[in-house]
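Descriptive structure summary
Residues per chain are reported as follows:
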Amino acid sequence: MPENGTHASSGSLPRLRPTPSLRVNLAPNNMHGLELANPVLVASGTFGYGTEYQPLVDVQRLGAICSKGITVRPRDGNPTPRIAETPAGMLNAIGLQNVGLRAVVSEKAPMWSRWAVPVIANISGESIGEFEHLAGTLDGVPGIAGLEVNISCPNIRDGGRLFADTAESAAAVTRACRDVSSLPLMVKLSPNVGNIVEIAQAVEAAGADSLSVANTLLGMLIDTKARKPYLANRTGGLSGPAVRPVIVRMVYQITSVVSIPVVGVGGVTCTDDALQYLMAGASAVQVGTANFVNPRAALEIIDGLSAYLHQQGMTSVSELIGIARPPAVLPAVPTVV
Amino acid sequence: MDLYKVTITANETIMPGTHVLDLDSPALGKSSRPGQFVHIRTGPTWDPLLRRPMSIFRIRPDGVSLLVRAVGVGSQIIAESAVGTELDVLGPLGRPFTIDPTARRLAMVGGGYGVAPLVALATEALGKGCEVVLLVGAATADYVFPADELPPEVEYAFSTVDGTLGHRGLVTELLPRYLDWCDAVYACGPTPMLEAVARLTRPARYGVAGAMRSEKPVQVAMEQHMSCAMGVCLGCVVKTKKGYQRVCRDGPVFEADVMVWEGSHA
């Protein structure tokens, strides 16, 4: 579709109207930028390495693909059961089963480099050094458009406390990645913290280009028949529509105080859900668990946003961003092209 | 494999809470193989959230039939769908059973509604001129799979745990008498039953005293809770000698010899 063209059927419309632009830049301050054709990404862990859904989905139409979480070495993941359904949601404790950094660089990235859709590599480390190694190795690798830094992993050197838990450790990971990589850095915050706004500010100050808000909510399901936690890992991450109101609130709070783009992640299933996040202040959304249920959800949302903007007479998705907030508390206009 | 909107043309209750659903879909009828499954949305809303995997029970030119037992909220919605209901179906999915061209005599072991893919397999095997023995286990007489749902050429035996009908005990106790006769074994059901089949068919390997050597090929169709069924979420894995493998994509049919049974179920 031409950027500023008109609809083929415009002859039947009352007047000519430019096709609304869905373009967003999720790293406006970065030398490479992270320009996406639309603000609908697919979330890490819900879209594999981008190939699995190809028989059902034109993946090249997506705003971007966040890869399965990548660790320095391949990981087997957790014992089973790994997943459980909960009201309008699910718990997962996969344990970062993935092919490892080397296979991503040698097998996945060359494939991604031939794709139109940007692929953002999601990285997980158990130490600052591992994050440095991951970010440094992926810097300049063709096919990697940006990094999503998963700070919700245990810091083995710090007694297993999560990097995401404090502003200091979250900022330290961000800074370490920033120092070794010129790629756009999207830092994925954890919702399982006391003050996520403080952490968002610290991560912004440490050099993040954008934030993804948020990872899964920590939860548990008890198998009352067996009288023990159902998941082998005992705890799991809650995702799906059940978490949406919690994360929309976090996006609303965070975008009031940071000036880098924020990507809303949590329970996005349809156009209206995406609109909630954009109106709350997000520059884009990630579709996650909904992919498991409706593999075409992200594409339907892209079309739905386009139709909504057209219907509202808006020319760009940027007009929507933060529109639900009172003007007095609106920060500087989020940078969206 | 694709996403389809398919209409239910018949829904018959054949055991308590257990329905045979006929789906009208020439595309699914043409592309489905025994051992494969379809992944079904329970409705247009997001609660229950996940699709439910259902084994393909019969394959017809104009569609497929499913054996659906209401074991929870989601499967109950699907099982009790009225004729004329349109279902959102993803499939066919997974690696099917294979029949070696030299195999003439097949022994099949089903536990509960694990009989479903074996009925499709038995029908295909009969078409290839094979002889088929089907052994099915049930909790009680009420849940014994009805013989009239099977092609008449199938030799059928069953057991009930409480002894209300057929052999009293576990279905796997019926298998040894067919092990010399058969060329291959196929099984589908709860993981402990599949493990028992694996041990019975490889007695030497599992250290059964005085056991004879048997290397007849054994294929098992694993059951596991799933979310995506597309190989993405890594939720439905089972432990194999090659590491964790996805039931949805690498299975559901596996060679029994590649499975690591200890600790594979909670």
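Parameters at a glance
- Every chain is numbered on its own, with residues counted from 1 as its sequence reads.
- Labels follow written order: the first chain is A, the first ligand is 1, and so on.
- Totals for whole chains, interfaces and linings use every residue, but because this is a predicted model, local features are given only for residues with pLDDT of at least 70 and side-chain atom pairs only at 80 or more, for both listing and counting.
- A run of H or I in DSSP becomes a helix once it reaches four residues, and a run of E becomes a strand once it reaches two; helices and strands are each numbered from the N terminus.
- This radius of gyration counts C-alpha atoms alone. The globule rule is 2.2 Å times how many residues there are, raised to the power 0.38.
- Buried, partly exposed and exposed are defined by the number of other C-beta atoms within 10 Å of a residue's own C-beta, namely 20 or more, between the two limits, and 12 or fewer respectively, with C-beta atoms placed from the backbone.
- Contact between two residues is assigned whenever their backbone-derived C-beta positions fall within 7 Å.
- Confidence of the prediction at every residue is given by pLDDT, a number between 0 and 100.
- These domain limits were set by an automatic method or by a database of domain assignments.
- Each residue is assigned to one of three groups, with Ala, Val, Leu, Ile, Met, Phe, Trp, Tyr, Cys and Pro labelled nonpolar, Asp, Glu, Lys and Arg labelled charged, and all others, Gly among them, labelled polar.
- The pairing criterion is simple: DSSP has to find at least two bridges between the two strands.
- Note on geometry: axes are lines fitted to C-alpha atoms, helical ones only across the stretch in contact, with angles between N-to-C directions running from 0 to 180 degrees.
- The term nonpolar core refers to a group of buried residues, namely Ala, Val, Leu, Ile, Met, Phe, Trp, Tyr and Cys, whose C-beta atoms join them within 7 Å.

When its secondary structure is counted, chain A shows eight helices and 18 strands. A compact globule built from 337 residues would reach a C-alpha radius of gyration of about 20 Å, and chain A, at 19 Å, matches this within 12%. Its C-alpha atoms put chain A at 65 × 50 × 45 Å along the principal axes. A buried classification covers 54% of the 337 residues belonging to chain A. Taking the intrachain contacts of chain A between residues at least 6 apart in sequence as the baseline, contacts between residues at least 24 apart amount to 69%.

In the predicted model, chain A carries a mean pLDDT of 92, and the fraction of residues at 70 or more is 92%. Note that pLDDT drops below 50 for residues 1-11 of chain A; the model gives that stretch 12 contacts with residues more than four away or on any other chain.

Moving on to the domain arrangement of chain B. Residue and element names in this part refer to chain B. What the domain assignment lists for chain B is domain 1 (2-93) and domain 2 (105-258). If you average the C-alpha positions of domain 1 and of domain 2, the two centres end up 22 Å apart. On the side of domain 2, 18 residues touch domain 1, which itself brings 20 residues to the contact. Looking at the side of domain 1 that touches domain 2, the elements with two or more residues in it are β1 (2-15), β3 (37-40), β4 (52-60), β5 (63-69) and β6 (86-93). Per-class residue counts for the side of domain 1 that touches domain 2 are 13 nonpolar, four polar and three charged.

Right, let's get into the interface of chain A and chain B. Listed by partner, the interface residues are 28 residues for chain A and 23 residues for chain B. Listing elements by their share of the side of chain A that touches chain B, those giving two or more residues are β5 (83-86), β6 (89-92) and α7 (290-293) of chain A. Across the side of chain A that touches chain B, the residue classes tally to 15 nonpolar, nine polar and four charged.

Turning our attention to the pairing of strand β11 (residues 185-189) of chain A. Residue and element names in this part refer to chain A. Within β11, five of the five residues are buried, which leaves it mostly tucked inside the rest of the structure. Side chains Leu185, Val187 and Leu189 project from β11 onto one buried face, and the interleaved Met186 and Lys188 project onto a second face that is buried too. In terms of strand pairing, β11 meets strand β12 (residues 210-213) through four bridges, oriented parallel. Each bridged residue has a counterpart across the sheet, and for Met186 the counterpart in β12 is Ser210.

Residue and element names in this part refer to chain B. With respect to the helices and strands, the residue Val64 is situated in strand β5. Classification of Val64 by C-beta neighbours within 10 Å gives buried; the count is 29. Along the primary structure Val64 and Val144 are separated by 80 residues, whereas in three dimensions their C-alpha atoms are 22 Å apart.

Residues and elements named next belong to chain A. Strand order in this open sheet of four strands is β5-β6-β16-β13, and the pairing throughout is antiparallel. Each of the sheet's edge strands pairs with one partner strand only, and the pair in question is β5 and β13 (217-220). The sheet shows a mean angle of 40 degrees between the axes of neighbouring strands, direction not considered.

Turning to the environment of A:Ile151, a few remarks are in order. Residue and element names in this part refer to chain A. Tracing the backbone through its elements, the reader meets Ile151 in the loop between β8 (146-150) and β9 (154-155). On the basis of neighbour counts, which here come to 27 C-beta atoms within 10 Å, the residue Ile151 falls in the buried class. Residues Ile151 and Gly125, spaced 26 residues apart in sequence, show a C-alpha to C-alpha distance of 7.9 Å.

Counting residues in hydrophobic clusters, the biggest one holds 189 residues, and the most contacted among them are A:Leu147, A:Leu211, A:Val213, A:Val251, A:Val263, B:Met108 and B:Val197. Both of domain 1 (2-93) and domain 2 (105-258) of chain B provide at least three residues apiece to this core. Those residues within four positions of A:Leu211 in sequence are excluded, and the remaining contacts are A:Met186, A:Val187, A:Leu189, A:Ala200, A:Val203, A:Ile254, A:Val258, A:Ile260, A:Val262 and A:Val263.

Time to look at the confidence of the model for chain B. When the pLDDT values of chain B are averaged, the result is 94; 94% of them are 70 or greater. Both scores are available for the predicted complex, with the pTM at 0.92 and the ipTM at 0.93.

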